[in-house]
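Commentary on secondary and tertiary structure
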2 protein chains.
Amino acid sequence: MEYRLHRLYSLRADESGDDLPDDPTRIPPAVVRRLALYSRALSDLELQNQEKVSSSDLADLLGINSAQVRKDLAYFGQFGVPGFGYYVKDLRENLKRILRTDTDVKVILVGVGNLGSALVSYGGFNRQGFRMTMAFDADRRKVGAARGDLAIHHIDELEAKVHESGADIAVLAVPADVCQAMADRLVKAGIHGILNFVPRRLNVPENVKVHYVDLSIEMETLSYYLRNQD
Amino acid sequence: MEYRLHRLYSLRADESGDDLPDDPTRIPPAVVRRLALYSRALSDLELQNQEKVSSSDLADLLGINSAQVRKDLAYFGQFGVPGFGYYVKDLRENLKRILRTDTDVKVILVGVGNLGSALVSYGGFNRQGFRMTMAFDADRRKVGAARGDLAIHHIDELEAKVHESGADIAVLAVPADVCQAMADRLVKAGIHGILNFVPRRLNVPENVKVHYVDLSIEMETLSYYLRNQD
DNA sequence: TAGATTGTTAATCGATTAACAATC
DNA sequence: TAGATTGTTAATCGATTAACAATC
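Residues numbered from 1 in each chain as written. Chains lettered and ligands numbered in written order. Predicted model: local features only at pLDDT ≥ 70, side-chain atom pairs only at ≥ 80, totals over all residues. Heavy atoms only, no water.

**Details of the interface of chain A and chain B**
By a widespread convention, an interface's size corresponds to the accessible area lost as its parts come together. For clarity, the threshold we go by: Contact between two residues is taken to exist if any of their heavy atoms lie within 4.5 Å; hydrogens are not considered. Accessible area, probed at 1.4 Å, shrinks when two parts are joined; the buried area is that loss added up over both. For this document, the term salt bridge refers to a Lys or Arg side-chain nitrogen within 4 Å of an Asp or Glu carboxyl oxygen. Here a polar contact means two N or O atoms within 3.5 Å. Within protein one must be a hydrogen donor candidate and the other an acceptor candidate, and residues neighboring in sequence count only if both atoms are side-chain atoms.
Each partner contributes residues to the interface: chain A has 66 residues there, and chain B has 66 residues. In this assembly, chain A packs against chain B so that about 6,400 Å² is buried in total across both faces, 62% of it on carbon and sulfur atoms. It is M219(A), Y224(A) and Y225(A) that lose the most area in chain A upon contact with chain B, and together they represent 12% of the buried surface on that side. Joining chain A to chain B, the criterion identifies 4 salt bridges. The salt bridge partner of R40(B) is D214(A), with a shortest N-O separation of 2.3 Å. Taken together, the links from chain A to chain B amount to 15 residue pairs in polar contact (both at pLDDT 80 or more).

Written out as structure tokens, the structure is:
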């Protein structure tokens, strides 16, 4: 059958230690997001000493359909055992490798205000292998003061320090009126990804990715459904 | 033509001050989210004294298709003038009414840790008409201390105070191991919506809405595309 | 009126789910 | 082997976009 053939290809790919699809950038963001959720669920299961898990187990944990779990995984290869399910440890390792969270990822923080400070101490990033290596702020009174174990530099030093930091992701949490200017500087300094907490759309070159975390919009969307419920 | 007929219906609905669709809960969340983005963009345009805006102007501002702008609005009625566009002020007011952000919305905060504290001072909520009226924490040392102009109560008082607060939305920012228990208490106390910053899925009754803001997953999704780019 | 843009329909595109042969 | 679950295809569902008559 045809998919037997695919399987052979996939196994061969496995042996070469690489089963990424032809173009990993073509994977729908929704799929990547769920992959990260599977990975986290599998970590939990591993802590509970679960050895095996089925696609419907995983689906139930996330509140989705089991076919979706299998289809998402199928983008990257074959990780399960028909009639059995998946080995928790094995699948988790595969997902970490695919998501590239098997090695630490360095990020810098730009804007050490209320939200920025909170993000420094937010445990979730560290737990997933994201290391905040440096922070920058325009307020000289904040410079030097280490929040957590992180040194804060003045924003004037951004260009000079970014390369040293080794980061290619920036968390942006600056006032709205300077966010585009700051994004421009970050891009020039070699940053390729921005997690933007500022409620403004950023214009960046094609090769730079921006993800928006827009707290007010989330709140408004939630609010709409509540207030129209009854 | 048929849609002339619709228009008449719509106008009649307008006159009665109500042009919500038959079942407002059936509107896709993606549409509601964009409506909130349109509303914000229109506020900006109003500040710049723009009087008119076309669907393609708005689309360009958000980086989407102009047909989508028109279709999103069409769920709720007809707000434009063919051959002209939309009056900024008029459309903004209509959207605020639809989103029900023309009146303040009260929210409580549960968990005054690093992230919780930052959310108190986060200006974005206030600006959009969300008022944090109370906060709760399990640490008695935090109780009483007002952060911003917000009193912090001990979590034991949750049930007693929620009703008094008049809120039906809670922002949840507690440690992961207590988040389900806390969600249960919130629901019993009469909360109908939860903006959940804890990286855990919550089990709640049908009539309660949960929105997830999962910072690590956003970061991982961003990271995936970067590290697979070149 | 001529030019511009709406509101709507139909076409397209993409994502989710159902079903099942293949497999362990 | 019998029972269970995978990986895949096809069907369904939903969301986005193109096109254009209606309108100002």
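Let us keep going from here.
**Describing the packing of aromatic side chains**
Geometrically, a pair of aromatic rings is defined through the distance of the ring centres and the angle of the planes. We count it as follows: Stacked, tilted and edge-to-face are the three classes assigned to paired rings of Phe, Tyr and Trp, where Trp is represented by its six-membered ring and a pair needs centres within 6.5 Å; plane angles under 30 degrees give stacked, over 60 edge-to-face, the rest tilted. We call a residue buried when its accessible area falls under 20% of the maximum for its residue type, exposed when it is over 50%, and partly exposed in between, using a 1.4 Å probe and counting protein chains only. Distance and angle both matter: a charge sits over a ring if NZ of Lys or CZ of Arg is within 6 Å of the ring centre and within 35 degrees of the ring normal.
As enumerated under the stated definition, the model contains 10 aromatic pairs over all chains in all. Taking 6.5 Å as the distance between ring centres and 55 degrees as the angle between the ring planes, the aromatic pair formed by Y75(A) and F76(A) counts as tilted. Using a relative accessible area of 33% as the deciding quantity, one classes Y75(A) as partly exposed. Grouped by ring-pair contacts, the aromatic residues Y75(A), F76(A), Y224(B) and Y225(B) constitute a single cluster. Above the ring of F84(B), the side-chain terminus of K52(B) is found at 5.0 Å from the ring centroid.

**Some words on the pattern of salt bridges**
All names here are of chain A. This is how it is decided: Segments assigned H or I by DSSP are reported as helices when at least four residues long, segments assigned E as strands when at least two residues long, and all are numbered from the N terminus.
A complete count under the given rule lists 22 salt bridges over all chains for this structure. Here K89 ties to E93 by a salt bridge, and the two come within 2.9 Å at their closest N and O atoms. Note that K89 and E93 are positioned in helix α5 (residues 88–99) at a spacing of 4 residues, about one turn of the helix.

**What to know about the environment of A183(B)**
With respect to the helices and strands, A183(B) occurs in helix α9 (residues 179–188). The spacing of A183(B) and V210(B) is 27 residues in sequence and 9.8 Å in space, taken between C-alpha atoms.

**What about the environment of E159(A)?**
Residues and elements named next belong to chain A. For E159, the position within the fold is in helix α8 (residues 158–165). Since its relative accessible area comes to 38%, E159 is described here as partly exposed. Linking E159 and A146, residues 13 residues apart in sequence, is a C-alpha distance of 20 Å. Polar contacts involving the side chain of E159 include one to the side chain of R185, which spans 2.8 Å.

**Thoughts on the relation of the copies chain A and chain B**
As a reminder of what qualifies: In this comparison the copies share one frame, found by least squares on the C-alpha atoms of residues holding pLDDT of at least 70 in both.
For the pair chain A and chain B, the relating rotation is 180 degrees, the translation along its axis is 0.0 Å, and the fit reaches an RMSD of 0.0 Å. When the rotation and shift are considered jointly, the pair of chain copies conforms to a two-fold rotation axis. Using C-alpha coordinates, one finds that chain A approaches the rotation axis most closely at A118(A), a distance of 3.0 Å. Most of the interface of chain A is mirrored in chain B, where 100% of its interface residues are also at the interface.

Purely geometric stuff here, so don't read any function into it on its own.
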